[in-house]
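# Working through the structure, step by step
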Amino acid sequence: MADVSANVTIDSIMGRNGLEKWIDACVQLTKPAKIRWCTGSKEESNEFISEMLASGELVQLNPETYPNCYLHRSNPNDVARTEKVTFICTPTRDGAGPTNNWMSPENAAENVLPLFKNAMNGRTMYIIPYLMGAPDSPFAIAGVEITDSLYVVENMRIMTRIGNTALEHIRRTGKFSPGLHSLGDVNPDKRFIMHFPEDRAVWSIGSGYGGNALLGKKCLALRIGSNIGRNDGWMAEHMLILGMEDPQGNITYMAAAFPSACGKTNLAMLIPPEIQKNYKIWTVGDDIAWMRIGEDGRLWATNPEAGFFGVAPGTSYDTNPNAMDTSHSNSIFTNVALTQKNEPWWEGMTPTPPDGLIDWQNRPWNPENGPAAHPNSRFTAPTSQCPNLSPHYNDPKGVPISAIIFGGRRAHVAPLVYQSLSWNHGVYVGASVGSETTAAAEGKVGMVRRDPMAMLPFCGYNMADYFGHWVEMGKNIPNPPKIFHVNWFRKSADGKFLWPGFGENIRVLRWIAERANGRGEAVATPIGYMPANGALDLTGLQISDEAMAELTSIHKDEWLAETEDTGVFLNQFGDRLPAEIRAEFAAQKQRLS
Ligand code: GTP
Ligand code: SPV
Ligand code: MN
């Protein structure tokens, strides 16, 4: 492959010649005015925040009610992940598979690297060593993100473990994921998020937003991470991790994969209603799980992140008090509205909007302009501030998972909860997840699409092989978790949610834990086991018999259509689809007819 520009070779820009050479290459390519290594110190953070307050990149929130909290308004063209311009750059198209955008590494170098040329002219280059995972964990993975965005630096500081700990890890292991990020001119036409699994490298240009720009999260921990996991026999998943403690003090750990903006943060931080107060949820993670087979033959999960990048709209002291408390200090709010008291506000935080709101685009709020906060507005808050954080959050070996839960946002079809018939059937259930699209990614909202294991946007290799990896893991885990599917979002004919959700979801988690522990009454249906009559504890819940009947009903015509649609999705993988998944699909169809 040709040189990218004088002194910049593909080898060095991919990080193949080590950290120093990689940084040199990035400097030669982007030509920053200054270079700044991030150490992770408090003083450094204060300095960067002052600089952003001066430039207007951040707005200080009320220091009395929201100490050390800031508002950031992103470019209105840059408010969500952009799946259209996210690429997996494997040597062959088959390596990325039919559900990913693909570009060869050669073409990526030719098309995308030139956009980085002189991109940091007149700007400071920040070098952020960071660690995904607990510092003393043998499973921690290090990265270095180079960026010209201070907003990215301050978000990475919350979301990952940055600075010298990470640098020591890199010096010790000699391994790191090189991530080159530049805002460029924040032009959607020159926006690319490129992944090179063979080199663990990521190039991101033209966006400063969330999963596009905070390279430890979706890029390293999921897209690159899923590749490392496949090769090394573990799993990188878009999953929350929680522990449910019962009145006897036993804790059952569960991991749940729901697509973006479909309830992971809320379930991970659940507080049960008064009548179920003798159950308690411990939060381990809200977005990403790395799972390995432990010496005891169980599947153990860790959360590689150090912060929450949570959806703001819908979050309130009624729905998710833990998230409200977690983000009340030392947090960054992106694209929320601002009140007269200099506090953040978003739709759903209070029943009525306060007077005199400033909307997310810094205009006096006019409902004709849409919601006051962007539907994908977010808070970035330290995990350590979560009131119900599990004492095992930092445990290098993680927590033992008894139940894996898939789910989606479905107004129809999917019942409140069901359990798969076996591991392989569970993999099929995960592979067939459908969910309505949300504001977390650019594009139309509310369209049902297949989102297997909630990983459609995050699987860094051919999804057929990913299903195969799940099947393989099932064979290798002596004592595998049981697999379930939930749907909190089923609606009545008049368009209202049938299930109260949030804290009341504890009732479903209790049944799941009972089933996972070999108890709990169930009935077999064509799609799996469902709670037997009376098996869900609904004591004290205001819900009509009709609503419960609809929530637990399986309409055969809908399920046949659903299975047909799943078949169309699975067929695109051709011969590469594992025989086990094909067999489960056939068996499901058979049971339905
Ligand atoms: P990402 O961070 O994008 O991966 O999303 P997430 O899966 O963590 O989603 P989150 O928990 O932030 O929820 C997204 C939206 O769904 C928010 O507006 C929540 O208020 C809403 N939501 C979460 N749980 C429930 C529920 O049980 N019922 C209903 N009706 N809405 C819910
Ligand atoms: C998601 O979209 O699933 C998120 C937000 O968790 S982002 O970090 O932007 O990917
Ligand atoms: Mn997510």
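Residues numbered from 1 in each chain as written. Chains lettered and ligands numbered in written order. Predicted model: local features only at pLDDT ≥ 70, side-chain atom pairs only at ≥ 80, totals over all residues. Heavy atoms only, no water.

### Quick look at the packing of helix α13 (residues 423-431) against helix α14 (residues 463-476)
Worth spelling out the cut-off: For helices, the axis comes from a line fit to the C-alpha atoms of the stretch in contact; other axes are also lines fit to C-alpha atoms, and the angle between any two N-to-C directions lies between 0 and 180 degrees. Secondary structure follows DSSP: runs of H or I at least 4 residues long count as helices, runs of E at least 2 residues long count as strands, and numbering of each begins at the N terminus. Relative orientations are named as follows: roughly parallel for angles under 35 degrees, roughly antiparallel for angles over 145 degrees, roughly perpendicular for angles from 65 to 115 degrees, and oblique for any other angle. By definition, any crossing whose near helix is turned counterclockwise from its far helix by less than a right angle is left-handed, and any crossing with a clockwise turn is right-handed. A contact between two residues is defined here by any heavy atoms of the two lying within 4.5 Å. Amino acids are sorted into nonpolar (Ala, Val, Leu, Ile, Met, Phe, Trp, Tyr, Cys and Pro), charged (Asp, Glu, Lys and Arg) and polar (every other residue, Gly among them).
One can describe the packing of α13 onto α14 by two numbers: an axis separation of 9 Å at closest approach and a directional angle of 155°. The pairing of α13 with α14 is recorded here as roughly antiparallel in orientation. Handedness of the crossing formed by α13 with α14: right-handed. Across the interface between the two elements, Trp423, Asn424, Val427 and Ala431 from α13 touch Phe467, Trp470, Val471 and Gly474 from α14. Here the residues of the contact of α13 with α14 sort into 6 nonpolar, 2 polar and no charged.

### Focus on the site of ligand 2
Rule in force here: A single heavy atom is enough: if one lies within 4 Å of a molecule or strand, its residue is considered near that molecule or strand. Polar contacts here mean pairs of N or O atoms no more than 3.5 Å apart (in protein, one a potential hydrogen donor and the other a potential acceptor; neighbouring residues in sequence count only if both atoms are side-chain atoms). Accessibility throughout is a Shrake-Rupley quantity obtained with a 1.4 Å probe, and a residue counts as covered only by protein chains that appear here. Residue ranges for the domains originate in an automatic or database domain assignment.
Around ligand 2 sit Arg81, Gly210, Gly211, Lys217, Lys218, His238, Ser260, Asp287, Phe309, Arg378, Ala440 and Phe458, and those are all the residues in its vicinity. The separation between an oxygen atom of ligand 2 and a polar side-chain atom of Lys218 is 2.6 Å. The contact in question runs from an oxygen atom of ligand 2 to an N or O atom on the side chain of Ser260, over 2.5 Å. Within the complex, 98% of the 290 Å² of free accessible area of ligand 2 lies under protein. Every element with two or more residues in the shell around ligand 2 is listed here: α9 (210-213) and α10 (216-232). Class assignment for the residues of the shell around ligand 2 results in 3 nonpolar, 4 polar and 5 charged. Three or more residues apiece are contributed to the shell around ligand 2 by two domains, here domain 1 (10-57 + 83-233) and domain 2 (236-306 + 390-592).

### Points about helix α3 (residues 42-55)
The cut-off we apply is this: Helix span is expected to be 1.5 Å times the residue number reduced by one. Buried means the residue's accessible area, taken with a 1.4 Å probe over protein chains only, is under 20% of the maximum for its type, while exposed means over 50%, and partly exposed covers the values in between. Arc, as used here, means the arc of the directions from the helix axis to the C-beta atoms.
For α3, which comprises 14 residues, the first-to-last C-alpha distance of 20 Å matches the rise-based estimate of 20 Å (1.5 Å per residue) to within 8%. When we look at burial in α3, the residues that qualify are Glu44, Ser45, Phe48, Ile49 and Met52. End-on, the buried residues of α3 take up no more than an arc of 130°, which puts them together on one face. Turned more than 90 degrees off the buried face of α3, the exposed positions are Glu43 and Ala54. Contacts made by the buried residues of α3 are with β1 (34-37), β3 (70-72), β6 (124-132), α7 (150-159) and β8 (161-162). At the C-terminal side of α3, Gly56 shows a positive phi close to 90°.

### Side note on the site of ligand 1
Around ligand 1, 22 residues are found, and the nearest of them are Ala261, Lys264, Asn266, Pro313 and Arg378. Arg409 has a polar side-chain atom sitting 3.1 Å from an oxygen atom of ligand 1. A distance of 2.9 Å is found between an oxygen atom of ligand 1 and a backbone nitrogen or oxygen belonging to Phe502. The protein chains hide 93% of the 670 Å² of surface that ligand 1 would expose on its own. Elements with a contribution of two residues or more to the shell around ligand 1: α11 (264-268) and β18 (307-311).

### Here's the deal with the pairing of strand β10 (residues 192-196)
Residues in a regular strand project their side chains so that they alternate between the two faces of the sheet. To keep things clear, this is the line we draw: Following DSSP output, two strands are said to pair if at least two bridges run between them.
Within β10, 5 of the 5 residues are buried, which leaves the element mostly enclosed by the surrounding structure. The side-chain alternation of β10 yields two buried faces, one formed by Phe192, Met194 and Phe196 and the other by Ile193 and His195. Where strand β4 (residues 86-88) and β10 come together, 3 bridges link them in parallel fashion. The partner of Ile88 across the bridge, within β10, is His195. One ladder, built from 5 bridges, connects β10 with strand β11 (residues 201-205); its direction is antiparallel. Residue pairing across strands places Phe192 opposite Ile205, the latter belonging to β11.

### Structural notes on the nonpolar core
Short version of the rule: Take the buried residues of types Ala, Val, Leu, Ile, Met, Phe, Trp, Tyr and Cys, join any two whose side-chain atoms come within 4.5 Å, and each joined set is a nonpolar core.
The biggest cluster of nonpolar side chains holds 79 residues, and the ones touching the most others in it are Met291, Ile404, Phe467 and Trp470. Every residue in contact with Phe467, bar those within four places of it in the chain, is listed here: Val427, Ala431, Pro452, Met453, Phe569, Leu570, Phe573, Leu577, Pro578 and Ile581.

### Quick look at the coordination of the manganese ion (ligand 3)
Applicable threshold: Metal coordination here is assigned from N, O and S atoms located within 2.8 Å of the ion, or within 3.2 Å for Na, K and Ca; omission of water means that sites may look incomplete. Any site counts as irregular unless it has four donors with all angles between 85 and 135 degrees, making it tetrahedral, or four or six donors with opposite ones more than 155 degrees apart and the rest between 65 and 115, making it square planar or octahedral.
At this site the manganese ion (ligand 3) is bound by Lys218 (NZ), His238 (NE2) and Asp287 (OD), with donor distances of 2.2 to 2.4 Å. One can describe the donor arrangement at the manganese ion (ligand 3) as irregular, given that its 6 donor atoms subtend angles of 67 to 173° at the metal. Sequence positions of the residues that donate to the manganese ion (ligand 3) give the spacing K-x19-H-x48-D. In this pair, Lys218 is assigned in helix α10 and His238 in the loop between β12 (235-237) and β13 (240-245), connecting sequence segments 20 residues apart.

### Concerning the pattern of salt bridges
How we decide: By salt bridge we mean one thing: a side-chain nitrogen of Lys or Arg within 4 Å of a carboxyl oxygen of Asp or Glu.
For the coordinates displayed, the defined rule picks out 31 salt bridges. Note that Glu47 and Arg36 form a salt bridge whose closest N and O atoms lie 2.8 Å from each other. Pair noted here: Glu47 is in helix α3 and Arg36 is in strand β1, with a separation of 11 residues, a long-range link. Judged by relative accessible area, Glu47 falls into the partly exposed class, the value being 37%. Through salt bridges with shared partners, a single network forms among Lys217, Lys218, Lys264, Asp287 and Glu305.

### Examining the domain arrangement of the protein chain
Per the domain assignment, the segments of the protein chain are domain 1 (10-57 + 83-233), domain 2 (236-306 + 390-592) and domain 3 (308-385). For domain 2 and domain 3, the distance between their C-alpha centres works out to 28 Å. The interface of domain 2 with domain 3 comprises 14 residues on the first partner and 12 residues on the second. Summed over the shared surface of domain 2 and domain 3, the number is 0 salt bridges.

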